[in-house]
Number of protein chains: 2
Amino acid sequence: MKTKKLINDGAAAVDEMLAGVLAAHPRHLRAVEGSPRSIVANEGPRPGKVGLVIGGGSGHEPTFLGYVGKGLADAAAIGNVFASPPPDPIIECTKAVNGGAGVLFMYGNYAGDVMNFDMAAEMLAMDDIEVRTVLTTDDVASAPVDQKERRRGVAGNVFIFKAAGAACDLMYGFDDVERIARFANERTYTMGVALAPCSLPQTRKPNFEIGPDEMEIGMGIHGEPGVARGPMRSADEVTSELVGKILDEMKPARGDRVAVLVNSLGSTPLMELYIMMRKLKAMLDDAGLVIHLSLVGNYCTSLEMAGASITLMHLDDELQRLIDHPCDCAMFRSGEALQ
Amino acid sequence: MKTKKLINDGAAAVDEMLAGVLAAHPRHLRAVEGSPRSIVANEGPRPGKVGLVIGGGSGHEPTFLGYVGKGLADAAAIGNVFASPPPDPIIECTKAVNGGAGVLFMYGNYAGDVMNFDMAAEMLAMDDIEVRTVLTTDDVASAPVDQKERRRGVAGNVFIFKAAGAACDLMYGFDDVERIARFANERTYTMGVALAPCSLPQTRKPNFEIGPDEMEIGMGIHGEPGVARGPMRSADEVTSELVGKILDEMKPARGDRVAVLVNSLGSTPLMELYIMMRKLKAMLDDAGLVIHLSLVGNYCTSLEMAGASITLMHLDDELQRLIDHPCDCAMFRSGEALQ
C-alpha cells in the first residue's frame, strides 16, 4: 500500500518545498541566484567571520535548512531526499558566505556527503577559500565506541551546529571554531528507536519492513539497521535503554550539566516525547545531573517515520555559553532570554 | 491492527505527559499545587492585567499548553485526550491568574468544553471573579457561513489566542480584550484535510476509517465528519480548494495583509506543508494579498493524524500589532524582532 502524501510530482518535491520555504521565510532565507539548492541566511555571513556551511539530504526537516540563520549556520546545501547534495550547491553556499576568515563544513558522517563535500572543498581550494571539515558522529548505536569515526550524525547535529555557529557569530578565529566544533561533537550522544517506516515522495513505499508489534533500537535516520530488533516495550523501558547506553559512554560526574533533546523522527507526537522526557528527567536526577536546556519536538526527522531519539550534550562552561548564545533561524530560535 | 506508541499505561498518558512538560520547561511553566491539570505561566499573570485562560482536550499539542507564557495565555486547563477538562482545573487556573481585572476564557467551540467552562464560570462568580468567554469558531468547514456560531475552533486558535494574549499583556481593559478576542476570531479562517486517522493511547485503534486512496476535506481535529470525501488529489489541488473556500468567505481587498499558518495534523511532514505553502503564496500573490507572517509546522495536532490545515488571519493595523507583540512560551516564541 502506498503512503498518501500531499505532494504534486514526487520528483519535484524538494524544489517545491524549497520554494515554499522561501515564500514563508523571506526575512530569514534566500537562495543563491542561479543555485536554488543553496539556501543562505539573510543575516549572519559577514566579513571577518568564519562561515559555517551545513547540508545533506532532504527529508530531515527542519534539519538542515531550518538551522540557517544569525547565530547558527550561514548556509545549507540541500540534496534530494535522503541523498547528498552534489558539489555545486556546496560550492555556491561557500562562496556566498565566505567572509575571508575560512569556511567550516559540518554535516553528518555519510559516505555520499563526505565524497561531495570533499570534492567541493578541493575545487574551492583553487579559489583560495580555506575550507575545513568537521563531521558529526553523535549516533552512539551506529558503531562501537572504539570506532567512533565510523559513527553517523543524527539529531545531535542541532546542538553541535548550534555550538559551532555561536562560536562563528562571536567572531572566534578559525582554529577555535574548529576546536569547538570537534569538542561539541565529542560531547554529544544520540540514540534512537524506530517503530514504523517512512516512504519517499517518488515511490511512496515503506523504506524498511518491521512487524506490527516490533521496534528497532538504534535504527538510523535513513532506515540503516540498528542494534536490536524486538517486541514493543513501554516508553520508560525504551528511554531507560537509550539513556542508559548514553550515560555509560558519557561517564558524567554528579553535578554535571547537560542539554537534552527528545526528538520525533516524524509522526511520533509530542505526547509520547514528553512521556519519554519524564523518564529522562528521573534518570538524570538519579545520576545527579542538571538539565540546563531541554528541546522536545521535531528537530531531525525522517519524513513521517515513527520513533524518537534522545540526545544529551555534556556541557562545560564554554559549550553552555555557546548553546545559550541567541540564534534566529526560520525554524529555530533560542537564547538565554528564552529558555 | 493497533498503533505502536511510546507510552506506558494508556490511562496515565496525559498525566505523564504533563510531568514531562514540567520537567522540560520549569522556567516557563508550573502546575497549580494540588491541581496537576492546571498549567500556569511562571511569567505573565500580574495584578491589574486581564487573565487569559485557555484549555481543552489533550492530544492537540502544542495546543493548548504550548501557548501558555508571557504575552500569550496565562494558564491552560488540560483535559483527557480529546475530552474537555472538568470545572475544577479551570477554576484553579482562573484563581491562579486572576489579577483583579477579570479573566477571559477562550477555547474551541465544543459542547463538552462549553459545559465545563460555563460551570466553572458560574462557580467563580460566587468568588467575585469576573469571567467572560469568547469561543473560537475558525473552522470554515464545520458549519455554513450563516451559522458561524455552530463552527468549531481548530488551528486558528494560535492566532486568536495570540492576539488576545497580546492585548492582555499590553494591559488593555477587560472590554477591549474581549472586543479584540471576538474580532480576532471573526477574522480567522481555517480549513483542513485529513488523510489518515490517529488512535487514542487507551485503545490504540484508528479513530475513523478512510480508504487507502481517499482524503476528506474539512474533517475536524477529533475526526468529526468533513464536507467531502474523495480520491487523493495533488497538494496544489487541495491547497487551491482550501484557500479558495477561505478567500470566498474572507473577501479581502487587494493590498490587504494576512497572517498564515500551514499546520500539520500530526504525521504530515514539513516537506508537504512547505509544498502547500508554495501554492498558498502563489494564490495570495494572485489575490494581491501581502503575507505579513507565516507559521509552518505542528501547531494544532491530533496526535499522529495525517493531514494538514491552512489558516488565514485577515489583519488590520491593530491585529497586526498584536500578532507582532513578543511572546515567550515553552513551545512558541515570536515577536517582531523574530519574524
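Before going into details, it helps to say that this report is about the structure given with it. (Residues numbered from 1 in each chain as written. Chains lettered and ligands numbered in written order. Predicted model: local features only at pLDDT ≥ 70, side-chain atom pairs only at ≥ 80, totals over all residues. Heavy atoms only, no water.)

### A word on the packing of helix 6 (residues 235-250) of chain B against helix 7 (residues 270-286) of chain B
Residue and element names in this part refer to chain B. Between helix 6 and helix 7, the least distance of the axes is 9 Å, while the angle of their chain directions is 45°. Between helix 6 and helix 7, the interaxial angle falls into the category oblique. Crossing of helix 6 over helix 7 shows right-handed handedness. For the pair formed by helix 6 and helix 7, the contact residues are Ala235, Asp236, Val238, Thr239, Ser240, Leu242, Val243, Gly244 and Leu247 on the first element and Ile275, Met276, Arg278, Lys279, Leu280, Met283 and Leu284 on the second. Residue composition of the contact of helix 6 with helix 7, by class: ten nonpolar, three polar and three charged. (Axes fitted to C-alpha atoms, helices over the stretch in contact; angles between N-to-C directions. Helix = DSSP H or I, 4+ residues; strand = E, 2+ residues; numbered from the N terminus. Parallel < 35°, antiparallel > 145°, perpendicular 65-115°, else oblique. Left-handed = near helix turned anticlockwise from the far one by under 90°. Contact = heavy atoms within 4.5 Å. Nonpolar A, V, L, I, M, F, W, Y, C, P; charged D, E, K, R; others polar.)

### Side note on helix 8 (residues 317-324) of chain A
Residue and element names in this part refer to chain A. The element helix 8 is largely enclosed, with a buried count of six among its eight residues. Buried residues of helix 8: Glu318, Leu319, Gln320, Leu322, Ile323 and Asp324, and no others. On the buried face of helix 8, the contacting elements are helix 4 (157-169), helix 5 (174-186), strand 11 (257-264), strand 12 (290-297), strand 13 (306-314) and strand 15 (333-334). The opening residue of helix 8, the one whose side-chain oxygen lies 3.2 Å from the backbone nitrogen of Glu318, is Asp316. (Buried < 20%, exposed > 50% of the residue type's maximum accessible area, 1.4 Å probe, protein only. Polar contact = N/O pair within 3.5 Å; in protein donor to acceptor, adjacent residues only side chain to side chain.)

### Some points on the relation of the copies chain B and chain A
Mapping chain B onto chain A leaves a residual RMSD of 0.0 Å; the transformation is a rotation of 180° accompanied by 0.0 Å of translation along its axis. Such a combination of turn and shift is consistent with a two-fold rotation axis. Among all C-alpha atoms of chain B, that of Ser267 of chain B lies closest to the rotation axis, at 2.0 Å. When the interface residues of chain B are mapped onto chain A, 100% of them are again interface residues, pointing to one common binding face. (Least-squares fit on C-alpha atoms with pLDDT ≥ 70 in both.)

### Some remarks on the interface of chain B and chain A
With 63 residues of chain B at the contact, the number on the chain A side is 63 residues. Both faces combined, the contact of chain B with chain A buries some 5300 Å², and carbon together with sulfur accounts for 63% of it. Of all residues in chain B, Lys4, Leu6 and Met271 of chain B bury the most surface against chain A, accounting for 18% of the area lost on that side. Here Glu272 of chain A makes a salt bridge to Lys5 of chain B, at a shortest N to O gap of 4.0 Å. At the boundary of chain B with chain A, the tally comes to 22 residue pairs in polar contact (both at pLDDT 80 or more). (Buried area = accessible area lost by both parts, 1.4 Å probe. Salt bridge = Lys/Arg side-chain N within 4 Å of Asp/Glu carboxyl O.)

### Focus: the sheet that holds strand 14 (residues 327-329) of chain B
Residues and elements named next belong to chain B. Strand order in this open sheet of three strands is 4-14-15, and the pairing throughout is antiparallel. What marks the edges here is a single partner per strand, and that holds for strand 4 (69-70) and strand 15 (333-334). Of the pairings in the sheet, the one linking strand 4 to strand 14 comprises two bridges and is antiparallel in character. Considered in strand 14, the bridge of Gly69 is made with Cys329. (Pairing = 2+ DSSP bridges.)

### Some points on unusual backbone geometry
Between Thr63 of chain A and Phe64 of chain A the backbone carries a cis peptide bond, its omega angle lying at 5°. For Phe64 of chain A, the location among the structural elements is in the loop between strand 3 (51-58) and strand 4 (69-70). In the segment running from Glu61 of chain B into Pro62 of chain B, the intervening peptide bond is cis, with an omega of 10°. Topologically, Pro62 of chain B is positioned in the loop between strand 3 (51-58) and strand 4.

### A few points about the layout of surface pockets
Here the largest pocket is characterised by a volume of approximately 1400 Å³. Along the walls of the largest pocket sit 44 residues, with Met1 and Ala196 of chain A together with Met1, Ala196 and Pro197 of chain B positioned nearest its centre. Secondary structure elements with two or more residues in the lining of the largest pocket: strand 8 (188-196) of chain A together with strand 8 (188-196) of chain B. (1 Å grid on protein atoms, 1.4 Å probe; cavity = no way out; pocket = protein on both sides within 12 Å on 5 of 7 lines; lining within 4 Å. Points joined across faces, edges and corners; volume = space filled by probe spheres on them.)

### Side note on the packing of aromatic side chains
Residues and elements named next belong to chain A. Here the structure, examined in full by the defined rule, presents ten aromatic pairs over all chains. On the basis of an interplanar angle of 35° and a centroid distance of 6.2 Å, the ring pair of Phe64 and Phe161 is categorised as tilted. Linking Phe64 in the loop between strand 3 and strand 4 with Phe161 in helix 4, this pair joins segments that are 97 residues apart in sequence. Taking the centre distance of 5.7 Å and the plane angle of 90° together, the rings of Tyr67 and Phe332 count as edge-to-face. Of this pair, Tyr67 sits in the loop between strand 3 and strand 4 while Phe332 is found in the loop between strand 14 (327-329) and strand 15, placing the two residues 265 residues apart along the sequence. Judged by its relative accessible area of 1%, Tyr67 is buried. Here Phe332 falls in the buried class, since its relative accessible area comes to 6%. Pairwise contacts between aromatic rings join Tyr67, Tyr299 and Phe332 into one cluster. For the cation-ring pair, Arg132 lies above Phe174, with the distance from its terminal atom to the ring centre recorded as 4.2 Å. (Phe/Tyr/Trp six-rings, centres within 6.5 Å; stacked < 30°, edge-to-face > 60°. Lys NZ or Arg CZ within 6 Å of the ring centre and 35° of its normal.)

### Topic: a nonpolar patch on the surface
All names here are of chain A. Together, Met115, Met119, Met123 and Met126 give the surface a local cluster of nonpolar side chains, amounting to about 430 Å² of exposed area. Here Met123 lies in helix 3 (residues 111-125). A relative accessible area of 38% places Met123 in the partly exposed class. (Patch = residues over 30% accessible without salt bridge, like charges linked within 9 Å, V, L, I, M, F, W, Y side chains within 5 Å. Areas by Shrake-Rupley, 256 points an atom, 1.4 Å probe, with all protein chains shown as cover.)

Function cannot be read off these values alone, since they describe shape.
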